[in-house]
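Below are the chains, spelled out letter by letter.
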Amino acid sequence: MNELGPVPKRTRIHVAVLKGGLSAEREVSLNSGAAVGEALLQEGYTVTEIDVDRDLASRLQELRPDVCFNALHGKFGEDGCVQGVLELLGIPYTHSGVLASALAMHKERAKDIMKLAGVPVAEAKLVTRGEALEGHVMPAPYVVKPVTEGSSVGVVIVPPDTERPPNSIAAGGPLDEIVMVERYIAGRELTCAVIGDFVTDVIEIVPLRGLSFYDYESKYAPGGSKHELPAQLLPDIYQLVRSLTLRAHQALGCRGVSRADFRFDDTEGGTNELICLEVNTQPGMTGTSLVPELAGYAGWSFGDLVRWMVEDASCNR
């Protein structure tokens, strides 16, 4: 599909916006949920914002909303857990279903599926945090990251010519925790989204603090990064990003909205490879978030986007 269709009419009344939650991305989710809640109010919905805790099921049984807008990020909200609760309660919800959410959130499983679908991914292995700290488990440069977190939480980049892994690896959690060690891909940070069956344009993200990757502060602090939209790429690379974004979305079984992140190594003497880093099934909805910006470039306001997501919501996703 080459353009976003008409914005659907409002057919539902009461929307429960799920935000906050129990993950390391709680603060981001609170911001996403607040932005979504305000936009839905302006679109004419009755909105109840829920700071999600372990009593979510009972809260929803009391409220009996028409639909849940899932603005959670990270563990328990983005990995299939909350989706399973909503399926049991029979409440329509936004974004991907149980299986796609669980697969996309687990970086190793997502890599396996995307690779089989012809989406290029970086070589990686799973080790304990202690093993990653003891010595190099692959030639540097490489990246150490949690297997099931997003928003660049806990990411450590190990530069080339480093004698030993940095002690910062130990700061991310217990030494027996499983982490992913992934080959570092130099070059440009690109992102593209799918909204229904529409593939958006491509953004290049340029961190403004001299960093070589899009870290947590670059994502969420005002002025933390510059977004080039559309990204200045050769036409064939631009369209390849878009086609791989759709392929990854479909291979994982995503629904609603998803966003794929890439690195493109066009550095001097580089590999010229385009690598998909991950697919985010519940992208941020904050003031600096990428999917609302991409939707805006395609002609939809933030209100249009969240209304579409509410009207697209369903069970059995």
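(A) Structural view of the sheet that holds strand β1 (residues 14–19). The strand order across the open sheet built from three strands is β2-β1-β3, with neighbouring strands paired in parallel fashion. Whereas interior strands pair on both sides, the edge strands pair on one side only; in this sheet they are β2 (46–51) and β3 (67–70). Neighbour-to-neighbour, the strand axes of this sheet turn through a mean angle of 25°, independent of strand direction. Relative to β3, β1 runs parallel, the two sharing four bridges. Residue pairing in the sheet places L18 in a bridge with N70 of β3.

(B) Spotlight on the pattern of salt bridges. Throughout the structure, instances matching the rule amount to 15 salt bridges. Of the charged contacts, one joins R307 and E43 as a salt bridge, the two residues approaching to 2.9 Å between their closest N and O atoms. Of this pair, R307 sits in helix α10 (residues 302–312) while E43 is found in the loop between α1 (26–42) and β2, placing the two residues 264 residues apart along the sequence. You can call R307 buried: its relative accessible area is 18%. Note that D261 is salt-bridged to R259, the shortest N-O span being 2.9 Å. In this structure, D261 and R259 share a single accessibility class: buried.

(C) Representation of the nonpolar core within the structure. Formed by 29 residues in total, the largest nonpolar core has its most connected members in V15, V17, L40, F69, I195 and L305. Counting residues per element, the ones that place at least two in this core are β1, α1, β3, β8 (188–195), β9 (198–207), α9 (290–297) and α10. When residues in this core are grouped by element, the largest group, five residues, is from α10. In this structure V17 touches G33, V36, G37, L40, V47, T48, E49, I50, F69 and A71, once residues within four positions along its chain are discounted.

(D) Structural view of the sheet that holds strand β4 (residues 124–128). The four strands are arranged β4-β7-β5-β6 in an open sheet whose pairing can be described as antiparallel. Unpaired on one side and paired on the other, β4 and β6 (156–158) mark the two borders of the sheet. Mean inter-strand twist for the sheet, computed between neighbouring axes without regard to direction, equals 25°. By the bridge criterion, five bridges tie β4 to strand β7 (residues 178–183) in an arrangement that is antiparallel. When the bridges of β7 are listed, V127 appears paired with V179. Strands β4, β5 (142–146) and β7 of the sheet are contacted by helix α5 (residues 107–116), whose axis makes an angle of about 45° with β7.

(E) Representation of the pairing of β9. With eight of ten residues buried, β9 lies mostly within the body of the structure. Relative to β9, β8 runs antiparallel, the two sharing six bridges. When the sheet's bridge partners are listed, L190 is paired in β9 with E204.

(F) Region of interest: the pairing of strand β11 (residues 257–264). Counted residue by residue, β11 has eight buried out of eight residues, so it is predominantly covered. Side chains V257, R259, D261 and R263 of β11 all project onto a buried face; the interleaved residues S258, A260, F262 and F264 project onto the opposite face, where all are buried too. Bridge count for β8 against β11 is eight bridges, and the pairing is antiparallel. Residue pairing across strands places L190 opposite F262, the latter belonging to β11. When β11 meets strand β12 (residues 274–280), the two strands line up antiparallel, connected through six bridges. Each bridged residue has a counterpart across the sheet, and for R259 the counterpart in β12 is N280.

Conventions adopted
Residues numbered from 1 in each chain as written. Predicted model: local features only at pLDDT ≥ 70, side-chain atom pairs only at ≥ 80, totals over all residues. Heavy atoms only, no water. Pairing = 2+ DSSP bridges. Helix = DSSP H or I, 4+ residues; strand = E, 2+ residues; numbered from the N terminus. Axes fitted to C-alpha atoms, helices over the stretch in contact; angles between N-to-C directions. Salt bridge = Lys/Arg side-chain N within 4 Å of Asp/Glu carboxyl O. Buried < 20%, exposed > 50% of the residue type's maximum accessible area, 1.4 Å probe, protein only. Core = buried A, V, L, I, M, F, W, Y, C linked by side-chain atoms within 4.5 Å. Contact = heavy atoms within 4.5 Å.

By themselves these figures say nothing about function.
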